Amino acid sequence: MSSTELPGVRAVAAAVSPAVSAVGVAEGEQLRSVALPGLTLTVRSRPPERTGLPPALYVHGLGGSSQNWSALMPLLQDVVDGEAVDLPGFGDSPPPDDGNYSVTGHARAVIRFLDAEERGPVHLFGNSLGGAVATRVAAVRPDLVRTLTLVSPALPEIRVQRSAVPTGLLAVPGVAGLFARMTRDWSAEERTRGVMALCYGDPGRVSESGFRAAVAEMERRMGLPYFWDAMARSARGIVDAYTLGGQHGLWRQAERVLAPTQLVYGGRDQLVSYRMARKASAAFRDARLLTLPDAGHVAMMEYPEAVAQAFRELLDERGGS
């Protein structure tokens, strides 16, 4: 589904997890589980068209999953060997044992996965929260990153858009529970339409089959005992990252990124301001910018062809690797 969900209930973990439906897998995709100490990650892949292609890793945003990249991955399977990870507590990955949902915690999970799989350096993609995570990974472990592609990355803003405030409020203790009581009668369809209105530049671009799949995923998520807790804690992690200064600040880390960087911003993004594109272009030392005036917060889902073309051009600059 989308990269950012409407706030909902912070569910109390059940003693026994309820049965939930299987996560969606598109034709040609595969899922596997990677067990690490204190952490288990679900990884979605699409076999490359030929062996020997450079590896790529896709990292989703707040409330999203590896499915957020299902439209883009097949467009690049002839140039990269792509995998998309479900961050801890999202998609089909269970919560981390230490309960750490900070940007640093998510970045550490990505780094541990890449080290364990020995796939680095990779072409690293990130959307929203995943963009902040990918930025931190590229800054602290440049050896793991060939190129960086960021779609509406969640980097600190001085003046946050009004439309993004409700999502930010999810980080405040008690707000998620209040919202849950207010919306307990909402159906999965109503929640899904609300998410799409927030995240898409034009929700009308979503096909009927795509909408039904999103509703099914929403129903699945609502059955997970930990999902809203992961949402609230991850939202708090973003807010905390926005307040960090010094060498740990995200903008300072953006300046440290050595990898060639492709930035993608949507003109109708209600969560990450379009005006941040210029600041980001100046912060990343080797940046190029794609602006999509009609896109919202999830350009890789709305305009996957345009995002794929931008990455191909970045790849061409590097001689195809």
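Analysis parameters
- Residues numbered from 1 in each chain as written.
- Predicted model: local features only at pLDDT ≥ 70, side-chain atom pairs only at ≥ 80, totals over all residues.
- Heavy atoms only, no water.
- Helix = DSSP H or I, 4+ residues; strand = E, 2+ residues; numbered from the N terminus.
- Buried < 20%, exposed > 50% of the residue type's maximum accessible area, 1.4 Å probe, protein only.
- Polar contact = N/O pair within 3.5 Å; in protein donor to acceptor, adjacent residues only side chain to side chain.
- Contact = heavy atoms within 4.5 Å.
- 1 Å grid on protein atoms, 1.4 Å probe; cavity = no way out; pocket = protein on both sides within 12 Å on 5 of 7 lines; lining within 4 Å.
- Points joined across faces, edges and corners; volume = space filled by probe spheres on them.
- Nonpolar A, V, L, I, M, F, W, Y, C, P; charged D, E, K, R; others polar.
- Arc of directions from axis to C-beta.
- Pairing = 2+ DSSP bridges.
- Axes fitted to C-alpha atoms, helices over the stretch in contact; angles between N-to-C directions.
- Salt bridge = Lys/Arg side-chain N within 4 Å of Asp/Glu carboxyl O.
- Phe/Tyr/Trp six-rings, centres within 6.5 Å; stacked < 30°, edge-to-face > 60°.
- Lys NZ or Arg CZ within 6 Å of the ring centre and 35° of its normal.

**Q** Describe the side chain of Ser70, naming the residues involved and giving the relevant values.
**A** Checked against the element boundaries, Ser70 lands in the loop between strand E3 (55-59) and strand E4 (81-85). By relative accessible area, which is 19% here, Ser70 ends up buried. Within the local environment of Ser70, its side chain forms a polar contact with the side chain of Glu29, the two groups lying 2.6 Å apart. Once residues lying within four places of it in the same chain are set aside, the contact partners of Ser70 are Glu29 and Arg44.

**Q** Describe empty space enclosed by the protein, naming the residues involved and giving the relevant values.
**A** As enumerated under the stated definition, the model contains three cavities of 30 Å³ or more in all. Of the residues that constitute the lining of the second largest cavity, the class distribution is four nonpolar, two polar and one charged.

**Q** How would you sum up the environment of Gly131? Please name residues and give values.
**A** By the secondary structure assignment, Gly131 is in helix H2 (residues 129-140). Classification of Gly131 by relative accessible area gives buried; the value is 0%. Distance in space between the C-alpha atoms of Gly131 and Val151 is 6.7 Å, their sequence separation being 20 residues. For Gly131, the residues in contact, after removing those within four places along its chain, are Gly126, Leu150 and Pro153.

**Q** Account for helix H9 (residues 276-283), with residues named and values stated.
**A** Inspection of H9 places Met276, Ala277, Ala280 and Ala283 among the buried residues, and these make up the whole buried set. Burial along H9 is one-sided: seen end-on, the buried residues are contained in an arc of 130°. Exposed and oriented more than 90 degrees from the buried face of H9 are Arg278 and Ala282. The inward-facing, buried residues of H9 contact helix H8 (250-256), strand E7 (261-266) and strand E8 (287-292).

**Q** Report on the sheet that holds E8, specifying residues and quantitative values.
**A** Ordered by their spatial adjacency, eight strands build an open sheet running E1-E2-E4-E3-E5-E6-E7-E8, and the pairing between neighbours is mixed. The open sheet is flanked by strand E1 (30-36) and E8, the only strands paired with a single partner. Shown here is a sheet whose adjacent strand axes are inclined to one another by a mean of 20°, direction ignored. Contacting E7 and E8, H9 crosses the sheet at an angle of about 175° to E7.

**Q** Quick rundown of the environment of Gly24? Include the residues and the values.
**A** Looking at the secondary structure, you find Gly24 in the segment before E1. Gly24 sits in the partly exposed class, given a relative accessible area of 29%. Sequence separation between Gly24 and Ala216 is 192 residues; the distance between their C-alpha atoms is 8.6 Å.

**Q** Break down the pattern of salt bridges for me, citing the residues and quoting the values.
**A** Inspection of every chain in the model, using the stated rule, returns 17 salt bridges. The partner of Glu217 in a salt bridge is Arg221, with the nearest N and O atoms 2.9 Å apart. Of the two residues, Glu217 and Arg221 are both situated in helix H6 (residues 208-222); the distance of four residues between them amounts to about one turn of the helix. Arg221 matches Glu217 in its accessibility class, with the two residues each being buried. Asp229 is the salt-bridge partner of Arg233, the closest N and O atoms lying 3.0 Å from each other. One end of the pair is Arg233 and the other is Asp229, both in helix H7 (residues 227-243) and four residues apart, which spans about a single turn. What makes Asp229 buried here is its relative accessible area of 16%. Taken together, the shared-partner salt bridges in this structure form one network comprising Arg32, Asp81, Glu83, Glu117 and Arg119.

**Q** Describe the packing of aromatic side chains, naming the residues involved and giving the relevant values.
**A** The tally for this structure, following the rule as stated, stands at six aromatic pairs. Judged by centre distance (5.8 Å) and plane angle (85°), the rings of Phe90 and Phe227 are edge-to-face. In this pair, Phe90 sits in the loop between E4 and helix H1 (103-117) while Phe227 sits in helix H7, placing the two residues 137 residues apart along the sequence. Given a relative accessible area of 1%, Phe227 falls into the buried group. Their ring planes at 75° and their centres at 5.1 Å tell us that Phe227 and Trp228 sit as a pair that is edge-to-face. No difference in accessibility class separates Phe227 from Trp228, as the two residues are buried. An aromatic cluster of three or more residues is present, and its members are Tyr58, Trp69, Phe125 and Phe311. Over the ring of Tyr303 we find Arg205; its NZ or CZ atom is 4.2 Å from the centre of that ring.

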